[in-house]
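Close look at the chain arrangement
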Amino acid sequence: MISILRPHLLILRNNSCRVSLQLQSSRDQAAAMASSVANTTSSKRRRLLLLLAAAVALTILAPPPVSALRRRAVHLTVYVQEILDGPGQTEKLLIKGPGPANPSLWPPHNYLGDTIVMDDLVTEAVANNSKPIGRVYGIYMTASMTRPVYTVSFTLHLTAGPYNGSTIVMAGIDDDDMGVREHAVVGGTGALRGAEGYVFGIVKPFTSSYCVMELDIYMTVPVPVPRPKARAAAASPLITDQ
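Just so we're clear, the structure is a prediction, and the values are computed from it rather than from any experiment.

The next point concerns the overall build of the protein chain. Looking only at helices and strands, the protein chain has one helix and nine strands in total. Helices (α) and strands (β) of the protein chain occur, in sequence order from the N terminus, as α-β-β-β-β-β-β-β-β-β. Every one of the 242 residues in the protein chain was classed for burial, and the buried ones make up 28%. Sequence separation of at least 24 residues holds for 49% of the intrachain contacts in the protein chain that already meet a minimum separation of 6.

Okay, the side chain of Asp114 next. As for its position among the elements, Asp114 is in the loop between β2 (91-95) and β3 (115-123). For Asp114, a relative accessible area of 0% puts it in the buried group. Not counting chain neighbours up to four residues away, the residues in contact with Asp114 comprise Leu93, Ile95, Lys96, Gly97, Pro108, His109, Tyr140, Met141 and Thr142.

Now for a nonpolar patch on the surface. A contiguous nonpolar surface patch, about 380 Å² in accessible area, is contributed by Val180, Tyr198, Phe200, Ile202 and Tyr218. Its place among the elements puts Tyr198 in strand β8 (residues 196-207). Given the relative accessible area of 36%, Tyr198 is considered partly exposed.

Under the criterion given, the structure shown has five aromatic pairs. Centroid distance Phe200 to Tyr218: 6.2 Å. Interplanar angle 65°. Geometry classified as edge-to-face. Here the residue Phe200 occupies a position in strand β8, and Tyr218 occupies one in strand β9 (residues 210-222), the gap between them amounting to 18 residues. Since its relative accessible area comes to 31%, Phe200 is described here as partly exposed. An aromatic cluster is present here, built from Tyr198, Phe200 and Tyr218 joined pairwise through their rings.

Moving on to unusual backbone geometry. Look at the link from Gly99 to Pro100: it is a cis peptide, with omega at 10°. Here Pro100 lies in the loop between β2 and β3. At the junction of Pro107 and Pro108, the peptide bond is cis and its omega measures out at 10° in the coordinates. Structurally, the position occupied by Pro108 is in the loop between β2 and β3.

So, on to the layout of surface pockets. Its volume calculated, the largest pocket comes out at about 840 Å³. Forming the walls of the largest pocket are 31 residues, and the residues nearest its centre are Glu82, Leu84, Tyr140, Tyr150 and Cys211. Broken down by secondary-structure element, the contributors of at least two residues to the lining of the largest pocket are β1 (71-83), β3, β4 (132-142), β5 (149-158), β7 (181-189), β8 and β9. Looking at the lining of the largest pocket element by element, the count peaks at four residues for β9. Grouping the amino acids of the lining of the largest pocket by side-chain chemistry returns 18 nonpolar, seven polar and six charged.

About the cut-offs
Residues numbered from 1 in each chain as written. Predicted model: local features only at pLDDT ≥ 70, side-chain atom pairs only at ≥ 80, totals over all residues. Heavy atoms only, no water. Helix = DSSP H or I, 4+ residues; strand = E, 2+ residues; numbered from the N terminus. Buried < 20%, exposed > 50% of the residue type's maximum accessible area, 1.4 Å probe, protein only. Contact = heavy atoms within 4.5 Å. Patch = residues over 30% accessible without salt bridge, like charges linked within 9 Å, V, L, I, M, F, W, Y side chains within 5 Å. Areas by Shrake-Rupley, 256 points an atom, 1.4 Å probe, with all protein chains shown as cover. Salt bridge = Lys/Arg side-chain N within 4 Å of Asp/Glu carboxyl O. Phe/Tyr/Trp six-rings, centres within 6.5 Å; stacked < 30°, edge-to-face > 60°. 1 Å grid on protein atoms, 1.4 Å probe; cavity = no way out; pocket = protein on both sides within 12 Å on 5 of 7 lines; lining within 4 Å. Points joined across faces, edges and corners; volume = space filled by probe spheres on them. Nonpolar A, V, L, I, M, F, W, Y, C, P; charged D, E, K, R; others polar.

Laid out in structure tokens, this is it:
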């Protein structure tokens, strides 16, 4: 009887061993997968932390935007000497527009799209023999088919005074029906870098070919931020005197 049962016991033991080995192998595989997932998650967390740290560092080190800086007010009044024709002419037709002719304007700049380039002297007073303080460079174009309206874009380059060498960039429209025109200050350079504001313009006609544009400029510019002093480079053991 014992001899009959012995083979069956051996088979059961072998099967039990196989099941035990399979269970152990499954446990090992599950542990390996869990370890791999944990390592991957840990690696992703480390990368995320590094990215967050880099973003914070860049935010701290980056200079603040111009709009966030303290600003100071600047007010200038200048006079633009416009010679439209004849000797010493400073404004000339650059592009003849396709039209149609604007009935509210006199020739030769009365066609829609007529574009004039200007290189006008700027003085500190109305008289054309007063002290020169700069020039105005730019263009204006007939922009309406029925009304005396021009689009303008010009730069005032200052060549004297506390803002010598600086520029102010202005743009807007000129409406001849308006006693006071208003333009936007859209930028500047030099001591007026980052300028923002507005300009009131009043035309003072003297003859049919000569007038003076008074520009009353109100703007703000960023207050300069002191730059931190550069630290001396630390001595490196890899750098030696030759």
